[in-house]
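What follows is each chain in one-letter form.
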Amino acid sequence: MTAPTVSVPTVSRPTVSLIEGDGIGPEITAATLRAVEAAGAQIAWERVDAGAGAVARHGDPLPPATLASIQRTRLALKAPLATPSGGGYRSVNVALRQHFDLYANVRPARTMAGVPSRFTGVDLVIVRENTEDLYAGIEHYIDPRRTAAESIAIITRFGSERVIVYAFEYARRHGRRKVTLVHKANILKMSNGLFLDTGREVAKRYPDIEFDDMIVDATAMRMVIAPERFDVIVTMNLFGDILSDLAAGLVGGLGVAPAANIGDAPGAPGPSAERACAMFEAVHGTAPDIAGKGIANPTGLMLSAAMLLDHVEQGVAAARLRAGVAAALADPATRTGDLGGRANTAQYTDAVIRAMG
Ligand code: NAD
């Protein structure tokens, strides 16, 4: 008799471009890699350079080799990069977003024990359109004396549809029950009306997900009165910019917030298809005031890595990583200084890993 074949589930091992970043970047990246590995994730990291460090080493904040790596892997985990204010080179974050047409900015906001906030039970996700609207960069002075200026908001059916579809797909994949489309179509009847109409059409394809829409000013008020009412919010660039920071404020600020910037999946229709990729990053900056001291809080990057693991369908490792972070945050002895604790980056990371069991 032949022995029965045991089928072992195979986990694919995607390659992910890794940008260590500037300031506290290398410290929180090292901590995150330890935690990701301890969570059992299967990732092959490909280290690439960007930001101020890349200027020092290659004379270019975004070297061609970095773009080529992300082009190949279509996946990136990125620590914060320094952007000189005023002169100097333009934001690498913006350049990456434009180059890879990362049209959906995804910002989850969830209350966590140990992170001080005014609310409990908040668990919402903002999906912000990232390429159009007033941020299309079309503005000019109307008269030579520069006494008046105008900025033009571009909203297209194509741009609206792809981000709204992404929001519904996200809701479905993450077991979320509702998508709320936020707009100002009562005043901006054409541009915002187009976004709203597109949303109503897309919603018909997702009968399993509840859909409603809300005017942006009412949304801002409802978010600070009853944030637990919201689940997935999808909105245009400007409103999304403002509401995603508002949401971060509801759950304790930008310090521990993760984010994803998503382009189309390879092979998907549309102009972004051939350069599609997904980039995951902490929302906070390079924290130059504490760089090199070993005391930075790596939570934002760890939770961004958990989003990456979800994206590459390593949900078990993502859940382990989130559980470890939640446990380490909940214990005052293992929190970092920014959250009122005394642990340094390494001690906090040890606690995250210990809590995963
Ligand atoms: P910042 O987020 O770097 O710092 C604001 C404050 O929060 C500082 O006191 C800092 O010490 C603290 N802080 C931030 N992250 C922390 C962490 N993980 N642990 C502990 N404390 C933390 O914002 P900033 O000072 O306005 O910007 C500094 C630099 O970062 C600038 O060059 C800016 O352009 C850049 N930046 C980059 C990104 C990005 O790459 N995504 C985002 C924002 C800012």
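Treat the numbers as computed from the prediction; the structure is a model and nothing was measured. Residue positions are given per chain, counted from 1 along the sequence in the order it is written. Given that the model is predicted, a residue must reach a pLDDT of at least 70 before its local features are reported, and side-chain atom pairs must reach 80 or more before they are shown or counted; all residues, however, enter totals for whole chains, interfaces and linings. Only hydrogens and water are removed before side-chain values are computed, so all heavy atoms of the structure are retained for them.

## With respect to helix α8 (residues 237–250)
With 14 residues, α8 should cover 20 Å at 1.5 Å per step; its first-to-last C-alpha distance of 20 Å lies within 8% of that length. Type-normalised accessible area, obtained with a 1.4 Å probe on protein chains alone, sets the label of each residue: buried when under 20%, exposed when over 50%, and partly exposed for intermediate values. Helix and strand definitions here come from DSSP, where helices need a minimum of 4 consecutive H or I residues and strands a minimum of 2 consecutive E residues; each element is numbered from the N-terminal end. Taken together, the buried positions of α8 are N237, F239, G240, L243, S244, A247, A248 and L250. For α8, the angular spread of buried residues about the axis comes to 160°, placing them on one side. Positive phi shows up at G252, right after α8, with a value of about 110°. Working rule for helices: expected span equals 1.5 Å times residues minus one. Think of it as the arc spanned by the lines of direction from the helix axis to the C-beta atoms.

## Focus on the packing of aromatic side chains
Side-chain rings of Phe, Tyr and Trp, where Trp is taken by its six-membered ring, are said to pair if the distance between their centres is within 6.5 Å; with planes under 30 degrees apart they count as stacked, over 60 as edge-to-face, and otherwise as tilted. The tally for this structure, following the rule as stated, stands at 3 aromatic pairs. On the numbers, 4.8 Å between centres and 20° between planes, the contact of F168 with Y206 is stacked. Here Y206 lies in the loop between α6 (191–203) and β9 (210–215) and F168 lies in helix α5 (residues 157–173), a separation of 38 residues in the sequence. The interplanar angle of 35° and the centroid separation of 5.9 Å between the aromatic rings of F168 and F211 together place this pair among those described as tilted. A residue pair is termed long-range when its members are at least 10 positions apart, and F168 in helix α5 and F211 in strand β9 qualify at 43 residues. Pairwise contacts between aromatic rings join F168, Y206 and F211 into one cluster. Here, a charge over a ring means that NZ of Lys or CZ of Arg falls within 6 Å of the ring centre while also lying within 35 degrees of the ring normal. In this structure, R229 packs its charged tip against the face of F230, placed 5.0 Å from the ring centre.

## With respect to the pattern of salt bridges
If the charged atoms of two oppositely charged side chains come close together, the side chains can form a pair. Salt bridge criterion: a side-chain nitrogen from Lys or Arg within 4 Å of a carboxyl oxygen from Asp or Glu. Using the criterion set out here, one finds 21 salt bridges in the structure. Among the ionic pairs, R107 bridges to D245, the shortest N-O distance being 2.9 Å. Of the two residues, R107 is situated in strand β4 (residues 104–110) and D245 in helix α8; the sequence distance between them amounts to 138 residues. Taking relative accessible area as the criterion, R107 reaches 10% and is therefore assigned buried. One salt bridge in this structure joins R176 and D123, with 2.7 Å as the shortest N-O distance. With R176 in the loop between α5 and β8 (178–183) and D123 in strand β5 (residues 123–129), this residue pair connects regions lying 53 residues apart in the sequence. The class of R176 is buried, set by a relative accessible area of 12%.

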